[in-house]
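# Coordinate inspection notes
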Amino acid sequence: MSLNAKIRFVQLSLFYGAFAALKRVSMTMAERHITALIGPSGCGKSTLLRTLNRMNDLISGVRITGQVLVDGKNIYGPGTDVTELRKRIGMVFQRPNPFPLSVRDNVAFGLRVAGLTSRSDVAPIIERSLRAAWLWDQVKDRLEQPALDLPLDQQQRLCIARLLAVEPDIILMDEPCSALDPIATGKVEELMLELKKQYTIVIVTHNMQQAARISDVTGYMLLGDMIECGETAVLFTNPQDRRTQDYLSGRYG
Amino acid sequence: MRLVSPKWTQRIAVGVLGAATLATLLILLFIIVFVLEKGLRTICWNFLFTDPQDMGRAGGIFPTLIGTLLLPLLALAVALPLGVGTAVYLTEYTREGRLTRIIRFGTDCLAGIPSIIFGLFGFIFFVTILKMGWCLLAGGLTLAIMILPTIIRTTEEAIRAVPYSYREVSFSLGATRWATVVKVVLPNALPGIVTGVMLSIGRCIGETAAVIFTAGQALHLPHSVFDSVRTMSVHFYILAREGISAKNAYGTAAVLIISILLLNVTTYWLMHRFIGRRT
């Protein structure tokens, strides 16, 4: 796995007040790969994900030591423009969360915020993003309809289209399928495999089968520690650490 | 053994609650019908659009109609930006702490002060110390101070009701805090803010004491913000209090009720259209 390292965590620790949510985590994530983070609730996998777009900044009392390198640059270093960083690193949330706006306005949101307002400039980007999220054919005649009227899996793909419009190169997914049924989950997973050709994807999931199906590399976390990470096929069939074995075979907790 | 079976307790509860609702509605309806019945006959084109004659004994109420329109507008023009700004600052830009609690406690206290106190303050500060005299501006500023707490608190509640996830998404798409406030928080809080504005307009329109103290009671059309005006409520109060004309007093009251009704209906209609487009 000596591929182009897009993301590197170097001895990253994160504290909520005195509580250590991440303990000296080190990990590398390759470009145009899917990296899955698994582990029981509260193990710090979502926290780790959120250090990448600095969403933890919004919580008071968070302290960070160590480094998070994206394209070789420490995003916690001085002079990081957090707004720019978040445009480069998109995020899909657990529950589909379109704004109560039309389908079109949802996809255009990031563009408008960035100052792109002319309809003729925005229209092609909207189409391209919806196509990339495999939603164009379903919604092309209903762009003015409320996004909240779409079925849940289409809403989630709309959220993906919304972040693609901003042209990120990394996509973070925080349990993106936990609100979806198996068929809808399948569609989103297929989409992820397609997106990986162009984007670096990091996904947090509770669903071990999902990690096994789609990810190239998996990291198993427990109580803020990165217990083990490696190629998904290897980690799932031949885990090195006893705790990983226990978790994978369902003997944890 | 129970004295009354649960089924009967339930029936009695429903009956009592229903009766309370009915009583409220009937009282409200009675007042409206009573005023309209006494006043509706008086309302005609001339009553609405001509100047009063002989202190209001004859003629119309046109200047008071304009006064009732201008005074709340002026108050809102001042209080809305200040109030919404304060609410946004308190909710989006500060962390919850001692200072925000003190500010919030302060606005709550302010909201409970009787309007006559605001009137007295306006009279001393705007009319006398700033030498504005009784005028539209002094009245507008006084009413603005009076409705500021309402606007701050209703806006704050409305902003708090906007799901946190909306903000999270907005930030994750590279929006700054300001862009998030303008594009996400305020549009979604709008219905709540409008409710606060409606309440405030209602208070302004119905206010008498604070208005007489600061905007005066001149019975002519104002030519600038430094002219004195009389609102319908004040007009109505003076006509009735000084026994000038009960008939015209009821007429004015009827116009007042109808205007408030129209105001409410239009706002709800606009809101439904607006929200219908958004969600």
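Residues numbered from 1 in each chain as written. Chains lettered and ligands numbered in written order. Predicted model: local features only at pLDDT ≥ 70, side-chain atom pairs only at ≥ 80, totals over all residues.

## Focus on the overall build of chain B
- Of regular secondary structure, chain B possesses eleven helices and two strands.
- Mapped from its N terminus to its C terminus, chain B presents α and β elements in the order α-α-β-β-α-α-α-α-α-α-α-α-α.
- For chain B, the spread of C-alpha atoms along the three principal axes comes to 65 × 65 × 40 Å.
- A buried classification covers 37% of the 279 residues belonging to chain B.
- When contacts within chain B are restricted to residue pairs at least 6 apart in sequence, those whose partners lie at least 24 apart make up 74%. (Helix = DSSP H or I, 4+ residues; strand = E, 2+ residues; numbered from the N terminus. Buried ≥ 20, exposed ≤ 12 C-beta atoms within 10 Å, placed from the backbone. Contact = placed C-beta atoms within 7 Å.)

## Quick look at the overall build of chain A
- Check the secondary structure of chain A and you find ten helices and ten strands.
- Over its C-alpha atoms chain A spans a radius of gyration of 18 Å, differing by no more than 12% from the 18 Å that the globule rule assigns to 253 residues.
- Counting all 253 residues of chain A, 44% fall into the buried class.
- Considering only residue pairs separated by 6 or more positions, chain A has 69% of its internal contacts joining residues 24 or more positions apart. (Rg over C-alpha atoms; globule rule 2.2 N^0.38 Å.)

## Quick look at helix α5 (residues 115-129) of chain B
Residues and elements named next belong to chain B.
- In this model α5 runs 20 Å from its N-terminal to its C-terminal C-alpha over 15 residues, within 8% of the 21 Å that 1.5 Å per residue would give.
- The largest bend along α5 reaches roughly 30 degrees and is located at Gly 122.
- Among the residues making up α5, those that are buried are Ser 115, Phe 118, Gly 119, Gly 122, Phe 126 and Val 127.
- Packing partners of the buried residues in α5 comprise α6 (136-160) and α9 (209-214).
- One or two positions beyond α5, positive phi appears at Lys 131, with a value near 55 degrees. (Expected span 1.5 Å × (residues − 1). Bend = angle between axes of the 7 residues up to and from the residue.)

## Remarks on the packing of helix α3 (residues 103-113) of chain A against helix α4 (residues 119-132) of chain A
Residues and elements named next belong to chain A.
- At their nearest, the axes of α3 and α4 sit 10 Å apart, and the two run at 110 degrees to each other. Regarding the angle of α3 to α4, the classification is roughly perpendicular. As α3 runs across α4, the sense of the crossing is right-handed. Here α3 contributes Arg 104, Val 107, Ala 108 and Leu 111 to the contact with α4, which in turn contributes Val 122, Ile 125, Ile 126, Ser 129 and Leu 130.
- The residue inventory of the contact of α3 with α4, partitioned by class, reads seven nonpolar, one polar and one charged. (Axes fitted to C-alpha atoms, helices over the stretch in contact; angles between N-to-C directions. Parallel < 35°, antiparallel > 145°, perpendicular 65-115°, else oblique. Left-handed = near helix turned anticlockwise from the far one by under 90°. Nonpolar A, V, L, I, M, F, W, Y, C, P; charged D, E, K, R; others polar.)

## Thoughts on the pairing of strand β4 (residues 62-70) of chain A
Residue and element names in this part refer to chain A.
- Bridging between strand β1 (residues 5-16) and β4 involves eight bridges; their strand directions are antiparallel. Bridge pairing in β4 links Leu 14 to Ile 64.
- Of the pairings in the sheet, the one linking β4 to strand β5 (residues 73-74) comprises two bridges and is antiparallel in character. The residue of β5 that forms the bridge with Val 70 is Lys 73.
- In textbook terms, the turn of a hairpin is the stretch between consecutive antiparallel strands, and for β4 and β5 this stretch comprises two residues, one of which, Asp 71, has a positive phi near 55 degrees. (Pairing = 2+ DSSP bridges.)

## So, the sheet that holds strand β3 (residues 34-38) of chain A
All names here are of chain A.
- One open sheet holds the six strands; their spatial order is β6-β7-β8-β3-β9-β10, and the pairing between them is mixed. Here the strands that pair on one side only, and so sit at the sheet edges, are β6 (89-92) and β10 (225-231). Across the sheet, the mean angle separating the axes of adjacent strands is 15 degrees when strand polarity is ignored.
- Summarising the sheet, β6 and strand β7 (residues 170-174) pair through four bridges and their orientation is parallel. Note on β7: the bridge partner recorded for Ile 89 is Ile 170.
- Most of the contacts of helix α1 (residues 45-52) go to strand β8 (residues 200-204), to which it runs at about 150 degrees, and overall it touches β3, β6, β7, β8 and β9 (217-222).

## Here we look at the interface of chain B and chain A
- Contacts between the two partners involve 17 residues from chain B and, on the opposite side, 25 residues from chain A.
- For the side of chain B that touches chain A, the elements supplying multiple residues, two or more each, are α7 (164-172) and α8 (177-206) of chain B.
- Looking at the side of chain B that touches chain A element by element, the count peaks at six residues for α7 of chain B.
- In terms of residue class, the side of chain B that touches chain A is built from seven nonpolar, six polar and four charged.

## A few points about helix α3 (residues 62-93) of chain B
- With 32 residues, α3 of chain B ought to run about 46 Å at 1.5 Å a step, and its terminal C-alpha atoms sit 45 Å apart, in line with that.
- At Ala 79 of chain B, α3 of chain B shows its strongest bend, of approximately 30 degrees, with the proline Pro 81 of chain B following within four residues.

## Brief notes about the pairing of strand β2 (residues 19-30) of chain A
All names here are of chain A.
- In the sheet, β1 pairs with β2 via eight bridges, with the strands oriented antiparallel. Among the inter-strand pairings, Leu 14 is bridged to a residue of β2, identified as Leu 22.
- Here β1 hands over to β2 after two residues, with Gly 17 in that stretch at a positive phi of 65 degrees.

## Thoughts on unusual backbone geometry
All names here are of chain A.
- Even without a glycine there, the phi angle at Arg 24 is positive, about 45 degrees.
- If you trace the backbone, Arg 24 turns up in strand β2.
- The class of Arg 24 is partly exposed, set by 15 C-beta atoms lying within 10 Å.
- Even without being glycine, Leu 223 reaches a positive phi, approximately 45 degrees.
- Relative to the assigned elements, Leu 223 resides in the loop between β9 and β10.

## A short note on the domain arrangement of chain B
All names here are of chain B.
- Under the domain assignment used here, chain B contains domain 1 (6-42) and domain 2 (45-278).
- One C-alpha centre belongs to domain 1, the other to domain 2; they are set 29 Å apart.
- Tallying the contact residues gives seven residues for domain 1 and eight residues for domain 2.
- A per-class count over the side of domain 1 that touches domain 2 returns four nonpolar, two polar and one charged. (Domains from an automatic or database assignment.)

## As for the environment of Thr 218 of chain A
Residues and elements named next belong to chain A.
- Within the secondary structure, Thr 218 is located in strand β9.
- Of the residues examined, Thr 218 has 27 C-beta atoms within 10 Å and is grouped as buried.
- Considered as a pair, Thr 218 and Val 204 are 14 residues apart in the sequence and their alpha carbons are 9.8 Å apart.
- Once residues within four sequence positions are removed from consideration, Thr 218 is found in contact with Ala 36, Ile 38, Ala 211, Cys 229, Thr 232 and Leu 235.

## Considerations on the environment of Pro 239 of chain A
All names here are of chain A.
- Here Pro 239 shows up in the loop between α9 (232-237) and α10 (242-248).
- Owing to 20 C-beta atoms within 10 Å, Pro 239 belongs among the buried residues under this scheme.
- With near-sequence residues (within four places) excluded, Pro 239 lies in contact with Glu 228, Thr 244, Gln 245 and Leu 248.

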